[in-house]
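Now for the letters of each chain:
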Amino acid sequence: MDKLFARRIDASLLILVVALLLASLGNVTFWTVLAHAAGGVSLASLPMLAGTFLIVVLFFNACLTLASFRYLAKPVLIALVMAASAAGYFIATYGIVIDKAMIQNVFETDTREATELISWQMAARIGLLGVLPSLWIARANIQFPSGLKGLLKRSSNAGGSLLLAFVLLALLFKSLAPTLHEHRELRFLLTPTNFIQAVHGYLRSRWAADVVVAPLGRDAVKGAAWAGHHRKTLTVIVVGETARAANFSLDGYARDTNPLLARQAGLINFSRVSSCGTATAVSVPCVFSAFGRNDYSQSKAASHEGLLDVLSHAGFAVLWRDNNSGCKGVCNRVTYEDLSRPDGKNPHCSGDECYDERLLDGLPGLLANSSTDMVVVLHQKGSHGPAYASRYPRGFGRFGPVCASSDFDTCSRESIRAAYDNTILYTDYFLSKTIDGLRAIAAAQDADTAMLYFSDHGESLGENNVYLHGAPYMFAPREQTEVPMMLWMSDGFSERFRIDRRCLAARRNEPLSHDNVFHSVLGMLDVNTAVLNPRLDLFHACVRGA
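I will try to describe carefully the structure that is included in this document. (Residues numbered from 1 in each chain as written. Predicted model: local features only at pLDDT ≥ 70, side-chain atom pairs only at ≥ 80, totals over all residues. Heavy atoms only, no water.)

1. Side note on the overall build of the chain
Inference 1: Secondary structure summary: the chain contains 19 helices and 16 strands in total.
Inference 2: For the chain, the C-alpha radius of gyration of 27 Å lies close to 24 Å, the compact-globule estimate for 546 residues.
Inference 3: Put simply, the chain has 546 residues, and 54% of those count as buried.
Inference 4: When contacts within the chain are restricted to residue pairs at least 6 apart in sequence, long-range pairs at least 24 apart make up 78% of them.
Inference 5: Of the roughly 23,900 Å² that the chain leaves accessible, carbon and sulfur atoms contribute 60%.
Inference 6: For the chain, the distance from the average site of its 50 positive side-chain charges to the average site of its 47 negative ones is 8 Å. (Helix = DSSP H or I, 4+ residues; strand = E, 2+ residues; numbered from the N terminus. Rg over C-alpha atoms; globule rule 2.2 N^0.38 Å. Buried < 20%, exposed > 50% of the residue type's maximum accessible area, 1.4 Å probe, protein only. Contact = heavy atoms within 4.5 Å. Areas by Shrake-Rupley, 256 points an atom, 1.4 Å probe, with all protein chains shown as cover. Lys, Arg positive; Asp, Glu negative; His and termini not counted. Charge placed at Lys NZ, Arg CZ, Asp CG, Glu CD.)

2. Describing the packing of aromatic side chains
Inference 1: All told, the structure shown has 20 aromatic pairs when counted by the stated rule.
Inference 2: Ring plane angle 20° and centroid distance 6.4 Å describe the contact between Phe248 and Tyr453, whose orientation is recorded as stacked. Of the two residues, Phe248 is situated in the loop between strand 4 (233–240) and strand 5 (268–274) and Tyr453 in strand 11 (residues 448–455); the sequence distance between them amounts to 205 residues.
Inference 3: For Phe248, a relative accessible area of 0% gives the class buried.
Inference 4: By relative accessible area, which is 0% here, Tyr453 ends up buried.
Inference 5: The structure contains a cluster of three or more aromatic residues connected by ring pairs, namely Tyr89, Phe90, Tyr94, Tyr388, Phe408, Tyr420 and Tyr467.
Inference 6: Its end group placed over the ring of Trp226, Lys222 keeps NZ or CZ at 4.4 Å from the ring centre. (Phe/Tyr/Trp six-rings, centres within 6.5 Å; stacked < 30°, edge-to-face > 60°. Lys NZ or Arg CZ within 6 Å of the ring centre and 35° of its normal.)

3. As for the state of the cysteines
Inference 1: Scanning all chains against the criterion turns up 5 disulfides.
Inference 2: Here Cys503 engages in a disulfide with Cys542; their sulfurs sit 2.0 Å apart. The chirality of the disulfide connecting Cys503 with Cys542 is left-handed, given an S-S dihedral of about -65°. Of the two residues, Cys503 sits in helix 18 (residues 501–506) while Cys542 sits in the segment after strand 16 (527–528), which places them 39 residues apart along the sequence.
Inference 3: Each disulfide of the chain joins two cysteines, and with those cysteines numbered along the sequence the arrangement is 1-2, 3-4, 5-6, 7-8, 9-10. (Disulfide = S-S within 2.5 Å.)

4. Considering helix 11 (residues 280–287)
Inference 1: Of all 8 residues making up helix 11, 8 are buried, and the element is well covered by its neighbours.
Inference 2: Among the residues of helix 11, those classed as buried are Thr280, Ala281, Val282, Ser283, Val284, Pro285, Cys286 and Val287.

5. Things to note about the pattern of salt bridges
Pairing between side chains of opposite charge can happen when their charged atoms approach one another.
Inference 1: Counted under the stated rule, the structure contains 18 salt bridges.
Inference 2: For Lys153, the salt bridge is made with Asp10, and the minimal N-O distance between the two is 3.3 Å. Of this pair, Lys153 sits in helix 9 (residues 147–182) while Asp10 sits in strand 1 (residues 8–10), and the two are 143 residues apart along the sequence.
Inference 3: Since its relative accessible area comes to 35%, Lys153 is described here as partly exposed.
Inference 4: Of the residues examined, Asp10 reaches a relative accessible area of 22% and is grouped as partly exposed.
Inference 5: Residue Arg496 is joined to Asp448 by a salt bridge in which the shortest nitrogen-to-oxygen separation is 2.7 Å. (Salt bridge = Lys/Arg side-chain N within 4 Å of Asp/Glu carboxyl O.)

Coordinates in, geometry out; function isn't part of it.
In structure tokens, the structure reads:
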């Protein structure tokens, strides 16, 4: 072994070997998807597949040649090989793609959620495809060309590789272009270019100049429906996590995952709602912003006040209670409570997990102790994967057998779905308990109460071998974009704001989206402001006498 490492290896040969390693073993999923898109491996598709492989190798070789300098080559190559092995594992195991939003999710996910993804299969793959090649690179006795001769050699190597790659691309363009056009997800599967682009985009946005937050809705005031009323209001907005409409029995799912909500009098369930994004880091800032999905960007949301700010301007006391990984900047200017940290004295915490019921602790007292009307946002842990079985107390394991592991390779698709369905069953209980609590508050405190629930995004549970969420929206499966949304109001609330329940119920099957939330919350609370768009306000056409 020592003799092997003692032998000198030319830098250009080492670069070519690493390029071959990255293009082949580091991109198994990419080649599998490309072959499927090309109609499978056959004599007809073989030239295109082989040519594409050579293009990728040549492109990688040209790029890596730029790092073939002493003191630079080893760190760069090792970093790329290790990162590619990790990215390849998650792509192959969960069917995800790597883009800026996914990298944002990685950086903004808390440590407890991140540890759920660690498994011995992950360690084995990274060890085999990452650690071992990295050890070989680290111990390699590399011969670097020096001086002007070295620069010319590197230039000819990189330039020649690129030239040959472009020639092959021109020859294959007619057959390759339609495939790449129809399957745009391929660019998010090619490692390491996918995560290099994604990390660059994420860091560029994070390191941008300090954001000056533009005011929004400073003209907001309570409307005519508030005149002459002395009862306080408590409006609860529940932000669900990773709950997809496809597994809600209220939306037609075969399993009875909503037994309690189905019996809640006055509950209005909206069955055709689409999300703004496929990840929390996108959907949460988007849904609370005044920008619809088509106009939304992270920079726009960060540089403008949002829904909670407008409600504050109108005179509401606003509180964000979190059992997740934060509010993604939405609650920066309102009161925030982090209830996700385990508390051994709290009955709703177990081990390093706190269940969503903790969000309801002391809810009646919040309104009683408030001098004004309140809007409280409850951010659930909900159905966050992959450790679905950790999201609910033991008594909610109705469906089974369940996948108790974060490593989906060790579980059947049916057991993964069963564990996920139990999270929906627990959400059903949580939402029903929230409604019961609001009903009791309305009676005990002579208050008007309401609850609006919507999930931030959905989840893939193995359809087309895709798991979890975070797919680019342009080709995200509907399981990741179709989300549940429902509304409950006390009798006093609907009477106070003259809301016609039958009118709202008649709209329950209309196509809606997160775009409606910002304007509908302002509409249901009769907040007058120039930023309210009546066309996106669900309540505008259902207010009597409007």
